[in-house]
Amino acid sequence: MKNQILKISNITKSFISGDQNTQVLKGISFSINEGEFVSISGPSGCGKSTLLNIMGILDTPDSGDYMIDGLQVATMNASQRAKVRGDRIGFVFQSFNLIDEFTVLENIALPLKYRGDSADKRRTRAMECLAKVNLADKADLFPSQLSGGQQQRISIARALAGNSGIMLVDEPTGNLDSTNGDAVMALLQELNKQGTTIVLVTHDPRYADMAQRNIQLRDGQIISDGHETSNTAAQVEVA
Amino acid sequence: MFIKTALATFKRAKQYYLTTIFTLAITLSLVLSVVSLVDLVFFAPLPYSQSDNLYVLEGGLKTTQSDFSGSTNIHVTNYIRDNNDVFTEFASYNRWTDAKLYDLQQRPQSSVILASDNLFTLMGVEAELGRLFNKTETVGNKQPSVILGYRTWQTHYQGDKEIVGKKIQLNQRRFTVIGVAPDHLVLPYYGNVNDAVWVPLDMDEVWSAEGCARCYSGALKSLVRLKKGVSVDLVAEQMNSLALQGAKLHTPDMLKDYTPTSYLTSVRQVIQGDSGEIVLMLLVGVTLLMAIALINLSSLQLARAMAKIKTVAISFAFGASNKQLVIESLKHNLIVIGIAVGLALLITSLSFSLVEVLASGTISRLDSIGISANTLLFSILLTLGIALLYSYLELKVVNEQNLTASLQSSGKGVGKQMSAGASHWLIGLQVTFSFLVLIAACHVVLYTLSEALRDKGVETKNKWSLVVNYSQIKGEDQRINLHKSVLSQLEKLNTVKDVKAISESKFPDARNSNQVFDNKGNYLGGALRPRVGPGYFSALGLEITGSDFDAYDHELENYPVLINQRLADKISSNPIDVVGNKISFDNKTFYAVKGIVANTYFPGNKSLESIDVYIPAEYRGEREFSFLITATNDDLIEQKIRTLLTKIDSRLDVANLKTLEQQFGNVSQKHLSAAYIAIVLASISLLMVCIGINGIVNYMVQVRRYDLGVKLAMGADNKRLLKDSLVELMQPVVMSLVFAFSLGFMLLGYSKIVPDITLEPNWLMITAIWFGFAFLSLLVSFIPVRQVLAQDPIKALRNE
């Protein structure tokens, strides 16, 4: 029996824009177990990214419960939330969001720095993660010296670095061509096989189907939550 | 790794770092220089022990109409010393005539201080080498001991450690060096005395503070310490009483016309003088400048914060707590500000020699100025304060909404823009402060330059002022003969066209004032009374209304006098009523006014523009006499004059030899320097506000590229966009100029009701600056807008 790593209960979220109050999430509930590969898909504006931000404790819901590793997020203060972000969550962004002034190694070591790890420990761990994404020779380069695909892999390595319980991946292939996109997805699958829990937000149904489970959102509600997708063992072929 | 990251960070924002560091370094160096002055004037300990109980005792002579404060007689002073019951210690000193160090080949001139045997003991200072005066140097001992001032020892004797016991020659007299005074010594009213030599007071009849037994002079001062429990008010009462008693005993003649007084002033007050006010005013000025710089840089900082928000957001997303973000920001800013402050300290320490030159005579103890512990502490606090301010600005824009939004891929950059209100405020503040600083600086420039360049009223080209000291020549007759020889020999020098003699030059060391009354006995003022022969004034190009002296006027018992225009104006506005009228120095003997001499002006020192009465007289054997020499352009004339005098008699001493241009130049130098400083300050202020406005406008138009692109897509042309952007940007500039103008007006109005403040604004200049400022703001706004339009804002719509 796999451990429950994340539980969301009846989450709502709305945004105020001018006079209008738009409810983006209307009572979302689901849970994720350790080692799962879950994709969240749906049309634009259905609330996928908002949901991911809430799961990444980058945003707070208007109501509902969110527990991560048995911890109730709503009762946490700012420092505790920061600690959870650093220790238990790894985020991968569509636009990579690497820091241009830092080298590749320093970017990967970022969560470890805020955790208070020593410089040696940070370096060692960052090199390990870099090796996992097959970019060990790029350690001293700057992000601007890498291709889009390479930058995204660095971003994934950074998400891995904190030994986080869960990796939240927001449209990782959105800024990549199909070849690089496939390569990134293959990497995510490989990491999942190695035990990393992954939640993927994507527009692309092909990539959504690569996950073991697909949650479909529409108008702020879950319309389906399949525990097995039709292509459970679908693998992407990397050229 | 840290250096690599630091370099990468620097490369990505070169303009920001260079602008921040150099703007802060220059501004802070001004602030730190003034802080060093503040520290020197207000906080630096005086070089005496127990300086809180140290006072200067001075005398004075009062009449019903005037007050000759500072005048004292040595016998009266000694009487007070011997008959008081309020002082524990009492020592005197007297600035004597400068002497030449004849033992040295160049015969450099040195100031001479006559000091009582207990002066150094009272001050509580120790000798640098050897010993200082003690009982051995008691009055009448005739021990020719001398103490070298520290700088004299260093400069002229190369810090010779074996100097004690050696002999030196001051003018014609040999002295034995008994010691070297400590460095940074300062005497109330005489300032820095490190260049002086010290001789015992009343060593003998020549080296004596007496002058004449019944004379009063301003040179003699005394330092005293009060007994415990004695109040300054009690002392004041006793001093006046003792001064009167002393005068009755020693100078009874003076009591017919004068009432002697005596008073105490604390040493700190005397040494501080007016410099406290001046330094505080400077501090206000540079603080304003620093405020402008910080506002300028704050706008840069805000813009940078907007650009850095993504980095902060990423750190936030990966576990950085608020505390960690603050510490990271603070560390970065401390390094940047620390570099700027370090550079500022370096510039400040290099500028001290310039400060010494500019402020000498206004602020004492400048040779002690340096980066003190207080200044260092201030710089550390300043670094912390500015770093905190910058961190606050940087993190002010951070909130969860901004952070989350900036992590999303978005061409518009939601949440990245500085609000229009904030940017308008920043522009407004900069313009207001800069405008006020500019107005103030321009007025200073106008005043100081117009003062420095004011007409002197005399011809100075190819004119030399020579003062010959005859004090080594014994006997009146011998002195008179030598004087005649000097006069005739000078006239024979081949490049000398004319020589005129006068008892004191236009720039005498001491200005002895004499009372002047009109023919009705009304007091007109205290006048100089130089004795001069005919032709002196025409040699200076000064016109005379009436007649100059005749060759034999000096032989008349009831000789005529010449007066200057200032004195004539006090008698009557009509010169016909003045020439032939009579004046008196004692309301008993009256002298006819033969002519009115045009005024001489002293740009830079109006206190020298006194009323003058000229007496026809030849040299009668005085200690010093002056010559006005008209020569052709000759680089060697100075050497020729010195050689001639030595040839006539080696005992003759050149007390002073300068061109008139040099003498007038020295007086106006401070005003010129002040003008240059004001120009620099105004330029810096203007430059900073231009950089600031340009920076904000640059940022504002860059982040609005998307909006500009939309407008272009909707049919607007570049010209229309340029116009609309400039109109929007100039609004805060114009409003703040109006506000600054009103503020200035209000301050001017306030100054009218405060009697001590006199502000005379030049409205034409203020208006010109107003329009010039507006135009400049328009120009620095135009450039970035034009640049952005040239980059094709439609590209922003395509996320390019």
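The rules behind each value
- Residues numbered from 1 in each chain as written.
- Chains lettered and ligands numbered in written order.
- Predicted model: local features only at pLDDT ≥ 70, side-chain atom pairs only at ≥ 80, totals over all residues.
- Heavy atoms only, no water.
- Helix = DSSP H or I, 4+ residues; strand = E, 2+ residues; numbered from the N terminus.
- Buried < 20%, exposed > 50% of the residue type's maximum accessible area, 1.4 Å probe, protein only.
- Areas by Shrake-Rupley, 256 points an atom, 1.4 Å probe, with all protein chains shown as cover.
- Contact = heavy atoms within 4.5 Å.
- Core = buried A, V, L, I, M, F, W, Y, C linked by side-chain atoms within 4.5 Å.
- Pairing = 2+ DSSP bridges.
- Axes fitted to C-alpha atoms, helices over the stretch in contact; angles between N-to-C directions.
- Polar contact = N/O pair within 3.5 Å; in protein donor to acceptor, adjacent residues only side chain to side chain.
- Salt bridge = Lys/Arg side-chain N within 4 Å of Asp/Glu carboxyl O.
- Patch = residues over 30% accessible without salt bridge, like charges linked within 9 Å, V, L, I, M, F, W, Y side chains within 5 Å.
- Nonpolar A, V, L, I, M, F, W, Y, C, P; charged D, E, K, R; others polar.
- Left-handed = near helix turned anticlockwise from the far one by under 90°.

A. Region of the structure containing the overall build of chain B. Summing up its helical and strand segments, chain B has 22 helices and 27 strands in all. Burial analysis of chain B (800 residues in total) assigns 51% to the buried set. If you sum the accessible surface of chain B, you get close to 37,300 Å²; carbon and sulfur atoms cover 57% of it.

B. The overall build of chain A, seen in detail. When you go through chain A residue by residue, the secondary structure sums to eight helices and 10 strands. Counting over 239 residues, chain A shows a buried share of 53%. Considering only contacts within chain A whose residues lie at least 6 apart along the sequence, 69% involve residues at least 24 apart.

C. Focus on the nonpolar core. One finds Leu24, Tyr390 and Phe435 of chain B to be the most contacted residues of the largest nonpolar core, which totals 76 residues. The set of elements that each furnish at least two residues to this core consists of helix H2 (14-43), helix H8 (275-317), helix H9 (322-359), helix H10 (373-396), helix H12 (420-452), helix H18 (660-703), helix H20 (718-753) and helix H21 (763-790) of chain B. By residue number, the principal contributor to this core is H2 of chain B, which donates 13 residues. When near neighbours in sequence (up to four residues on either side) are disregarded, Tyr390 of chain B contacts Tyr16, Thr20, Leu24, Leu294, Leu297, Ser298, Gln301, Asn333 and Ile337 of chain B. Among the nonpolar cores identified, the runner-up in size contains 43 residues, and Leu25, Phe30 and Ile89 of chain A together with Ala320 of chain B belong to it.

D. Looking closely at the sheet that holds strand S6 (residues 89-92) of chain A. Residues and elements named next belong to chain A. Strands sit in the order S6-S7-S8-S3-S9-S10 across an open sheet of six strands; the sheet is mixed. For this open sheet the edge positions go to S6 and strand S10 (221-226), each flanked by a neighbour on one side alone. For this sheet, the mean angle separating the axes of adjacent strands, direction not counted, is 15 degrees. Where strand S7 (residues 166-170) meets strand S8 (residues 197-202), five bridges bridge the pair, whose relative direction is parallel. Across the sheet, the residue bridging to Met167 is Ile198, located in S8.

E. Layout of the environment of Ser147 of chain A. Note on placement: Ser147 of chain A falls in the loop between helix H5 (119-132) and helix H6 (148-161). A sequence separation of 29 residues divides Ser147 of chain A from Leu176 of chain A, and the C-alpha atoms of the two residues are 9.6 Å apart.

F. Region of interest: the side chain of His443 of chain B. Residues and elements named next belong to chain B. On the secondary structure map, His443 appears in helix H12. Side-chain polar atoms of His443 contact the backbone oxygen of Ile439, separated by 2.9 Å. A polar contact of 2.8 Å, which involves the side chain of His443, links it to the backbone nitrogen of Asn762. Not counting the four nearest positions on each side in its chain, His443 is found in contact with Glu760, Pro761, Asn762, Met765 and Ile766.

G. Expanded view of the environment of Gly546 of chain B. Examined against the element boundaries, Gly546 of chain B turns out to sit in strand S21 (residues 544-546). Sequence-wise, Gly546 of chain B and Pro575 of chain B are 29 residues apart; in three dimensions their C-alpha atoms are separated by 8.7 Å.

H. Region of interest: the pattern of salt bridges. Counted according to the given criterion, the structure contains 26 salt bridges over all chains. Ionic pairing is found between Arg115 of chain A and Asp87 of chain A, a salt bridge with its closest N-O pair at 4.0 Å. In this pair, Arg115 of chain A is assigned in helix H4 (residues 110-115) and Asp87 of chain A in helix H2 (residues 78-88), connecting sequence segments 28 residues apart. Since its relative accessible area comes to 31%, Arg115 of chain A is described here as partly exposed. Asp160 of chain B is the salt-bridge partner of Lys166 of chain B, the closest N and O atoms lying 2.7 Å from each other.

I. Just the side chain of Lys13 of chain A, in detail. All names here are of chain A. Mapped onto the secondary structure, Lys13 falls in strand S1 (residues 4-17). Of the polar contacts made by the side chain of Lys13, one reaches the side chain of Asp59; its length is 3.2 Å. The residues contacting Lys13, other than those within four sequence positions of it, are Thr22, Gln23, Val24, Leu25, Thr50, Ile54, Asp59, Thr60, Pro61 and Asp62.

J. How the structure looks around a nonpolar patch on the surface. Residues and elements named next belong to chain B. Together, Leu334, Leu377, Ile380, Leu381 and Leu384 line one region of the surface with nonpolar side chains, adding up to about 440 Å² of accessible area. Per-element accounting of the nonpolar patch gives the leading share, four residues, to H10. By the element assignment, Leu377 lies in helix H10. Accessibility expressed as a relative area gives 48% for Leu377, which makes it partly exposed.

K. The arrangement of the interface of chain B and chain A in detail. At the interface, 24 residues of chain B touch 30 residues of chain A. The shortest N-O distance in the salt bridge between Lys113 of chain A and Glu328 of chain B comes to 2.8 Å. For the pair chain B and chain A, the number of links is five residue pairs in polar contact (both at pLDDT 80 or more). The element that contributes the greatest number of residues to the side of chain B that touches chain A is H8 of chain B, accounting for six residues. In terms of residue class, the side of chain B that touches chain A is made up of eight nonpolar, 11 polar and five charged.

L. Examining the packing of H2 of chain B against H10 of chain B more closely. Residue and element names in this part refer to chain B. Relative orientation of the contacting elements H2 and H10 amounts to 145 degrees, with a least axis distance of 10 Å. Two packed elements cross with a definite hand, and for H2 against H10 that hand is right-handed. Listed contacts from H10 to Tyr16, Thr20, Leu24, Leu28, Val31, Leu32, Val35, Ser36, Asp39 and Phe43 of H2 are Asn374, Thr375, Phe378, Ser379, Leu382, Ile386 and Tyr390. Counted by class, the contact of H2 with H10 contains 11 nonpolar, five polar and one charged residues.

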